[in-house]
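Reading the structure
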Amino acid sequence: VIGTYLAGFTTNCDEFGQLRFNFKQHGAATGRFTAPAGDPAHGFSGVPVQGIPARDDPHKPKAAQALRRLFIGRPGYTVVKVDYAGQELRVVANISGEPKWVDEFKSARAEGREADLHTLTAVAFYPGLQKSDPDFKIKRTAGKIANFSLIYGGGVQAIMRATGCDKVEAARKLAAFHQSVPIFAGWMKKQHETVKTQLGVFTGFRRFIRIPDANIKLGDVVNGKPITDEQDIRRIRAACERKSTNYPIQ
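Now for a look at the structure at hand. Counting restarts for each chain: residues are numbered from 1 in the order of the written sequence. Per-residue local features of the predicted model are confined to residues with pLDDT of at least 70, and side-chain atom pairs are confined, for both listing and counting, to 80 or more; whole-chain, interface and lining totals are unaffected and use all residues. Water and hydrogen atoms were dropped before computing side-chain values, which therefore reflect all heavy atoms in the structure.

1. What about the overall build of the protein chain?
Comment: elements are numbered from the N terminus, with helices defined as DSSP H or I runs of at least four residues and strands as E runs of at least two. Helices and strands together make up the secondary structure of the protein chain, namely 10 helices and 4 strands. Projected onto its principal axes, the C-alpha coordinates of the protein chain cover approximately 55 × 55 × 40 Å. Across the 250 residues of the protein chain, 34% fall into the buried class. Here, Shrake-Rupley sampling with a 1.4 Å probe gives the accessible areas, and only protein chains in the shown set may cover a residue. Of the roughly 15,800 Å² of accessible surface on the protein chain, 54% is carried by carbon and sulfur atoms. The charge count includes Lys and Arg as positive and Asp and Glu as negative, but it does not include His or the ends of the chains. A charged residue contributes its charge at one atom only: NZ of Lys, CZ of Arg, CG of Asp or CD of Glu. Across the protein chain, the 37 positively charged side chains and the 24 negatively charged ones have centroids separated by 2 Å. Note on classification: 1.4 Å probe, protein chains only; a residue is buried when its accessible area is under 20% of the maximum for its type, exposed when over 50%, partly exposed between these limits.

Here's what the structure looks like:
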């Protein structure tokens, strides 16, 4: 927190106490904008603003959760937060065709409420969970954090971070999640298989995004260097599998 953010904030302000961030409209291969640490020599802040922790992230220290309070508008201006709330999960439900999620969105619209996929995941993790339970909010938050990792190809490690459980329990929770949304789980498996044959994936608008290293082998050259380690092979292939679900959604 101190080295990455606080020190960067204090040393990269201009003479007016302002930070100038390095926004890249097409910084990600998926088309999303990014805001990485820019070069102060070119007038940009050296702070990766896109990675600033959320206020309600229980796995970050309190100092990190308070970072967003540092942003205030100049006199006469107001800082506005704009967010596509829940849209990623709508896209996932649409692309995968998972009936459990589709039905939740339909029911929520009919009842005039917000769809709640996070509770569905929390119930999969903690069978029998009720809204009246004293720790419901904490467990729903765990389901929320896990959802945004799992839809982008996260696995056991993502659940461990979200819930604070050990590896064995995280594996059980992952299996329970896949069992609760079998169509989505099947879509993920299909994406993992497809990327190996097509070396890329299509978005919902039929844009093809190349993922050329999905079938990488020992001796293949990546970034100008031959791959000679089996562990590197597994790491690169796993990253390509995550991209195969990540790219269509984003």
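2. Observations concerning the pattern of salt bridges
Throughout this description, the term salt bridge denotes a Lys or Arg side-chain nitrogen within 4 Å of a carboxyl oxygen of Asp or Glu. Summed over all chains, the structure comprises 9 salt bridges. With a closest N to O distance of 3.1 Å, Lys-139 and Asp-135 form a salt bridge. Between Glu-241 and Lys-196 there is a salt bridge, and its shortest N-O distance comes to 3.4 Å. Taken together, the positions of Glu-241 in helix H10 (residues 230-249) and Lys-196 in helix H9 (residues 182-198) put the pair 45 residues apart, joining distant regions of the chain. For Glu-241, a relative accessible area of 23% puts it in the partly exposed group. Note on Lys-196: relative accessible area 34%, which makes it partly exposed. Connected through shared salt-bridge partners, Glu-104, Glu-111 and Arg-113 make up one network.

3. Structural notes on the packing of aromatic side chains
In summary, the pairing rule links any two rings of Phe, Tyr or Trp, Trp by its six-membered ring, whose centres are within 6.5 Å, and it sorts them by plane angle into stacked for under 30 degrees, edge-to-face for over 60 and tilted for everything else. A complete count under the given rule lists 6 aromatic pairs for this structure. Members of the aromatic cluster, joined through ring pairs, are Trp-101, Phe-177, Phe-184 and Trp-187. Only Lys NZ and Arg CZ are tested; either one counts as a charge over a ring when it is within 6 Å of the ring centre and within 35 degrees of the ring normal. Arg-74 extends its terminal NZ or CZ atom over the ring of Tyr-77, reaching a point 4.7 Å from the ring centre. A cation over a ring is seen here: Arg-206 above Phe-202, with NZ or CZ 4.1 Å from the ring centre.

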